[in-house]
There are 2 protein chains.
Amino acid sequence: MQTLTVDLGERSYPIYIGSELFTPEHFQPHIAGRQVMIVTNDRVAPLYLQRLKAQLSHFQVSEVILPDGEAYKTLAQVNQIFDALLQARHNRTTTLIALGGGVIGDMTGFAAACYQRGVDFIQVPTTLLSQVDSSVGGKTGVNHPLGKNMIGAFHQPRAVIADTQVLKTLPKAELSAGLAEVIKYGLIYDADFFAWLEAHMDGLYQGDSALLAQAIYRSCEIKAEVVAQDERESGIRAWLNLGHTFGHAIETDAGYGAWLHGEAVGAGTMMAADLSARLGWLNAQDVERIRTLLQRAGLPICPPLEMPPQRFLELMAVDKKVLDGQLRLVLLKKIGEATVTSDFPQALLMQTLEAGQALGKL
Amino acid sequence: MQTLTVDLGERSYPIYIGSELFTPEHFQPHIAGRQVMIVTNDRVAPLYLQRLKAQLSHFQVSEVILPDGEAYKTLAQVNQIFDALLQARHNRTTTLIALGGGVIGDMTGFAAACYQRGVDFIQVPTTLLSQVDSSVGGKTGVNHPLGKNMIGAFHQPRAVIADTQVLKTLPKAELSAGLAEVIKYGLIYDADFFAWLEAHMDGLYQGDSALLAQAIYRSCEIKAEVVAQDERESGIRAWLNLGHTFGHAIETDAGYGAWLHGEAVGAGTMMAADLSARLGWLNAQDVERIRTLLQRAGLPICPPLEMPPQRFLELMAVDKKVLDGQLRLVLLKKIGEATVTSDFPQALLMQTLEAGQALGKL
């Protein structure tokens with residue numbers, strides 16, 4: 001097992017990465033009171049809820065099981081958590097534990113941020129995506145019919161427990177979705193890591209535990225480094241959104257949950273790479289490396305056929321990165337370095353949006 | 001006009017207190033972007049919305065008008081604010097303005113805390129209660145059917161604009177409710193202020209602007225001092241809840257909105273004074289001074305006839321101040337000094353709860 005510390009002063013917390021981490025010593029030091037509320041979903045609960053509860057016998061443990069899926073990442077579901085907390089009379093010293101993927105993590109973190117104006121929580125991410133992304137950085141929240149992640153809070157967990165064993169039961173498409181974010185870390189921050197991923201993508205895609213642990217560690221390390229530099233997302237942290245503005249538009253258009261978040265990020269990353277090439281920052285060979293690696297990770301590399309450019313523009317206009325009506329995008333200066341800019345010719349953006357299916361052509 | 005600064009480091013903000021403060025210079029310096037969303041209710045809007053909008057002609061101003069009353073301090077109403085923000089495409093640089101009493105302030109602040117994970121807001125409290133209480137301290141949130149203020153966030157406003165002119169249109173019962181909190185500041189922190197209130201209660205109750213401005217200033221000063229010392233309510237800040245644990249039980253039992261918050265605090269303060277006397281901290285004369293002053297402010301001084309002790313215990317058990325099953329109460333060591341304690345004989349608490357209507361007897 002490896003431990004990574006996210007350095008945020010008095011709110012610093014450890015990320016434990018390895019296998020067989022569901023043991024009391026990883027939980028108990030991070031639970032301040034006697035009450036614990038496990039929040040999970042109906043897909044993860046049959047697999048891991050009892051195993052987790054067995055480790056928490058010293059505490060008064062309650063649980064709430066929500067429906068699985070991005071479509072349920074709503075204020076109404078967070079309200080279910082509040083109901084459960086109040087019915088079981090949880091007080092300010094309670095600790096929430098998020099046992100599930102990014103949706104459960106985001107909702108549980110948001111519930112923890114708001115319950116009695118803020119209680120503790122621990123993340124136990126059960127998907128590759130949430131292990132490398134949504135469990136690090138303190139972003140919590142829910143979707144709104146008019147936009148993804150529009151309602152939320154910054155709230156840091158007390159600890160993150162990323163167990164590679166739980167990935168054994170993860171569907172292949174979800175592994176791919178997680179790999180999209182892993183690839184992103186290489187693209188925005190570390191060309192060597194990108195090259196390492198090119199060397200090991202077959203093993204990663206086949207679920208090799210040791211390789212996955214290495215990839216999770218480096219991904220979390222990069223994210224922790226970026227977040228520690230810029231907790232409130234005024235500068236470099238925005239790099240983490242590579243592919244996300246395009247991706248969010250795809251997700252919103254398709255209806256939440258029709259595309260996995262990581263899949264949309266995969267296609268969105270390809271669109272960002274294409275626009276970066278049109279701006280002269282990437283060459284054809286770079287674009288080809290990106291396309292090939294995404295494809296080997298089992299990811300979609302172009303937007304859906306039925307999405308016209310106008311629809312993209314419309315949906316991207318409500319993105320959080322829009323400032324005073326100016327669309328800002330995360331693009332690539334080169335493999336290993338990103339930039340956030342609104343300074344690009346609209347005509348080039350239109351070319352990328354119009355390329356559509358052609359982005360997937362080798 | 002007087003200006004009080006709440007000192008919270010980089011989140012410090014001014015409270016402007018005086019009359020005729022609806023002028024651009026009190027708003028513009030605190031609005032960072034171009035977008036403004038005024039949140040108000042259907043009772044305040046006809047009186048002050050146009051007057052406020054006229055001062056904000058430099059900005060893109062939207063508005064949302066919610067139903068008036070504590071019964072509407074819910075997550076569903078906050079969601080109305082999110083709807084309005086997203087429909088008008090407000091981005092992260094938007095500023096929300098709360099134009100109304102405590103309910104509007106609490107919901108607007110909570111919406112600002114959560115919209116895109118946090119945007120700016122300005123408080124324009126239109127009741128005496130919100131001017132001296134809920135607009136200072138950064139507490140925001142909504143009620144849950146199982147408990148008051150159970151969902152919320154700490155989020156500081158950029159500025160508070162407390163205009164005494166708007167109190168001219170305030171119903172008498174709401175003026176009394178505000179005076180309950182004013183009296184509380186004297187009781188917990190400043191015996192001289194309590195004596196000043198005894199000397200000037202008739203003028204205050206008749207709505208004398210100059211006296212009210214003085215009372216608001218000193219109340220905000222005391223609250224700002226306490227909050228600056230203890231932003232997250234681990235110690236002295238809990239003193240501000242004098243009368244509130246009993247009061248919340250009364251409000252919950254009656255159904256939100258049946259009692260004004262300040263009225264419930266008035267009765268709750270009398271109960272806290274009674275228990276403090278039973279503990280030997282206050283003498284009969286102190287209790288008499290408190291009862292008389294509350295009464296002169298037009299406040300109820302005993303709980304409702306139909307509330308049995310058992311019902312109080314049940315409702316107080318879910319109070320946020322309960323730690324590990326121990327009920328903690330804010331009581332008075334003397335006039336001008338409070339204490340938070342769970343160290344009192346249950347039998348004495350029962351005597352206070354059983355006293356009921358007798359608390360109102362002179």
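Residues numbered from 1 in each chain as written. Chains lettered and ligands numbered in written order. Predicted model: local features only at pLDDT ≥ 70, side-chain atom pairs only at ≥ 80, totals over all residues. Heavy atoms only, no water.

This is how it is decided: UniProt positions are given in the numbering used here, feature names are shortened, and annotations may be inferred rather than shown by experiment.
Per an unreviewed UniProt entry, chain A carries the name 3-dehydroquinate synthase and comes from Nitrincola tapanii. Listed in UniProt under the heading Catalytic activity (unreviewed entry), the comment for chain A reads: "7-phospho-2-dehydro-3-deoxy-D-arabino-heptonate = 3-dehydroquinate + phosphate". In the Sequence similarities (unreviewed entry) part of its UniProt record, chain A is described as follows: "Belongs to the sugar phosphate cyclases superfamily. Dehydroquinate synthase family."

Concerning helix 7 (residues 191-205) of chain B
Residues and elements named next belong to chain B. The test is simple: Strands here are runs of E lasting at least two residues and helices are runs of H or I lasting at least four, both read from the DSSP assignment and numbered beginning at the N terminus. To estimate how far a helix should extend, the number of its residues minus one is multiplied by 1.5 Å. Note on bend: the value at a residue is the angle between axes fitted to the seven residues ending there and to the seven starting there. Contacts: residue pairs with any heavy atoms within 4.5 Å of one another.
With 15 residues, helix 7 should cover 21 Å at 1.5 Å per step; its first-to-last C-alpha distance of 20 Å lies within 8% of that length. Of all the bends in helix 7, the largest measures some 60 degrees and sits at A199. Lining the buried residues of helix 7 we find helix 6 (172-189), helix 8 (209-229) and helix 11 (284-296). G207 sits one or two positions beyond helix 7 and adopts a positive phi of about 90 degrees.

Some details on the nonpolar core
Residues and elements named next belong to chain B. Put simply, the rule is: Put simply, buried Ala, Val, Leu, Ile, Met, Phe, Trp, Tyr and Cys residues joined by side-chain atoms within 4.5 Å make one nonpolar core. Burial classes: relative accessible area under 20% of the type maximum marks a residue as buried, over 50% as exposed, and values in between as partly exposed (1.4 Å probe, protein chains only). For the purposes of this description, domain bounds are those given by an automatic or database domain assignment.
In this structure, I183, F246 and I290 are the most contacted members of the largest nonpolar core, which totals 99 residues. Among the elements that line this core, the one with the most residues is helix 8, at 11 residues. Looking at which domains feed residues into this core, each of domain 1 (2-168) and domain 2 (172-360) gives three or more. For I183, the contacting residues outside a window of four places in its chain are F194, L197, M201, L293, L294, A297 and L299.

Quick notes on the relation of the copies chain B and chain A
Here is the rule we go by: Here the copies are matched by least squares. The fit uses the C-alpha atoms of residues with pLDDT of at least 70 in both.
It takes a turn of 180 degrees to lay chain B on chain A, together with a shift of 0.0 Å along the axis; the resulting RMSD is 0.0 Å. As the rotation angle and translation indicate, the two copies are arranged about a two-fold axis. Most of the interface of chain B is mirrored in chain A, where 100% of its interface residues again form contacts.

So, the sheet that holds strand 2 (residues 13-18) of chain B
Residues and elements named next belong to chain B. Rules: Two strands pair if DSSP finds at least two bridges between them. Between N-to-C directions, angles span 0 to 180 degrees; the directions come from axes that are lines fitted to C-alpha atoms, helices contributing only their stretch in contact.
If you trace the seven strands from one edge of the open sheet to the other, you get 1-2-9-6-5-3-4, paired in mixed fashion. Across the chains shown, the open sheet's two edge strands, defined by having one partner strand only, are strand 1 (2-6) and strand 4 (60-66). Neighbour-to-neighbour, the strand axes of the sheet open up by a mean angle of 15 degrees, direction not taken into account. Relative to strand 2, strand 1 runs antiparallel, the two being bridged by five bridges. Following the sheet pairing, T5 is matched in strand 2 by P14. Contacts from helix 4 (residues 102-114) reach strand 3 (35-41), strand 4, strand 5 (95-100) and strand 6 (120-125), with the element oriented near 170 degrees to strand 5. Sheet strands touched by helix 8: strand 1 and strand 2. Its angle to strand 1, the strand with the most contacts, is close to 15 degrees.

Here's the deal with the packing of helix 6 of chain B against helix 10 (residues 261-278) of chain B
Residue and element names in this part refer to chain B. Using the following cut-off: Roughly parallel means an angle under 35 degrees; roughly antiparallel, over 145; roughly perpendicular, 65 to 115; everything else is oblique. When the near helix sits turned anticlockwise from the far one by under a right angle, the crossing is termed left-handed; a clockwise turn instead gives a right-handed crossing. Each residue gets one of three labels, nonpolar for Ala, Val, Leu, Ile, Met, Phe, Trp, Tyr, Cys and Pro, charged for Asp, Glu, Lys and Arg, and polar for the others, Gly among them.
Where helix 6 contacts helix 10, the axes come no closer than 7 Å and their chain directions differ by 40 degrees. One element, helix 6, and the other, helix 10, form an angle in the oblique class. Crossing hand, helix 6 versus helix 10: left-handed. Contacts from A173, A177, A180, E181 and L187 of helix 6 reach helix 10 at H261, G262, E263, V265, G266 and T269. Residue composition of the contact of helix 6 with helix 10, grouped by class: five nonpolar, four polar and two charged.

With respect to the UniProt feature "binding site: Zn(2+)" (unreviewed entry) in chain A
Residue and element names in this part refer to chain A. The criterion, for reference: Side-chain atoms alone can form a polar contact between residues adjacent in sequence; in general such a contact is a pair of N or O atoms within 3.5 Å, and within protein one must be able to donate a hydrogen while the other accepts it.
Per the UniProt entry, the sites bearing "binding site: Zn(2+)" (unreviewed entry) are E181, H244 and H261 in this numbering. Sequence-wise these annotated residues cover 81 residues; spatially they are packed, their C-alpha atoms never more than 10.2 Å apart. Residues within four places of E181 in sequence aside, it is in contact with L129, V132, D133, H244, H261 and V265. Residue placement: H261 occurs in helix 10 (residues 261-278). Not counting residues up to four positions away in its chain, the partners in contact with H261 are L129, K148, E181, H244, H248 and E251. Polar side-chain contacts of H261 include one of 3.4 Å to the side chain of E181.

Focus on the interface of chain B and chain A
Defined as follows: Values labelled buried area give the accessible surface lost by two parts on being combined, using a 1.4 Å probe and summing over both. Any carboxyl oxygen of Asp or Glu that lies within 4 Å of a side-chain nitrogen of Lys or Arg is treated as forming a salt bridge with it.
Listed per partner, the contact involves 35 residues of chain B and 35 residues of chain A. Roughly 3400 Å² is buried in total at the junction of chain B and chain A, and carbon and sulfur atoms are behind 56% of that figure. Inspection of the chain B/chain A interface yields zero salt bridges. If you list the elements that add at least two residues to the side of chain B that touches chain A, you get helix 3 (75-87), helix 4, strand 7 (139-144) and strand 8 (147-154) of chain B. Among the residues forming the side of chain B that touches chain A, the class breakdown is 16 nonpolar, nine polar and 10 charged.

Observations regarding the packing of aromatic side chains
For any pair of aromatic rings, the description rests on two quantities: the centre-to-centre distance and the angle between the ring planes. The criterion, for reference: Whether two aromatic rings pair depends on their centres lying within 6.5 Å, for rings of Phe, Tyr and Trp, where Trp uses its six-membered ring; planes under 30 degrees apart make the pair stacked, over 60 edge-to-face, and the rest tilted. Ring-over charges, as used throughout, are those where CZ of Arg or NZ of Lys falls within 6 Å of the ring centre and within 35 degrees of the ring normal.
Scanning the entire structure with this criterion turns up eight aromatic pairs over all chains. Taking the centre distance of 6.4 Å and the plane angle of 90 degrees together, the rings of F22 of chain A and F27 of chain A count as edge-to-face. Under the relative-accessibility criterion, F22 of chain A is labelled buried at 7%. Measuring from centroid to centroid gives 6.5 Å for F82 of chain B and Y115 of chain B, while their planes differ by 20 degrees, and the two rings are stacked. One end of the pair, F82 of chain B, is in helix 3; the other, Y115 of chain B, is in the loop between helix 4 and strand 6, and 33 residues separate them in sequence. Neither F82 of chain B nor Y115 of chain B differs from the other in exposure class; each is buried. Taken together, F22, F27 and Y48 of chain A form an aromatic cluster joined through their ring pairs. Directly above the aromatic system of W281 of chain A lies the positively charged group of K333 of chain A, at a separation of 4.1 Å from the ring centroid.

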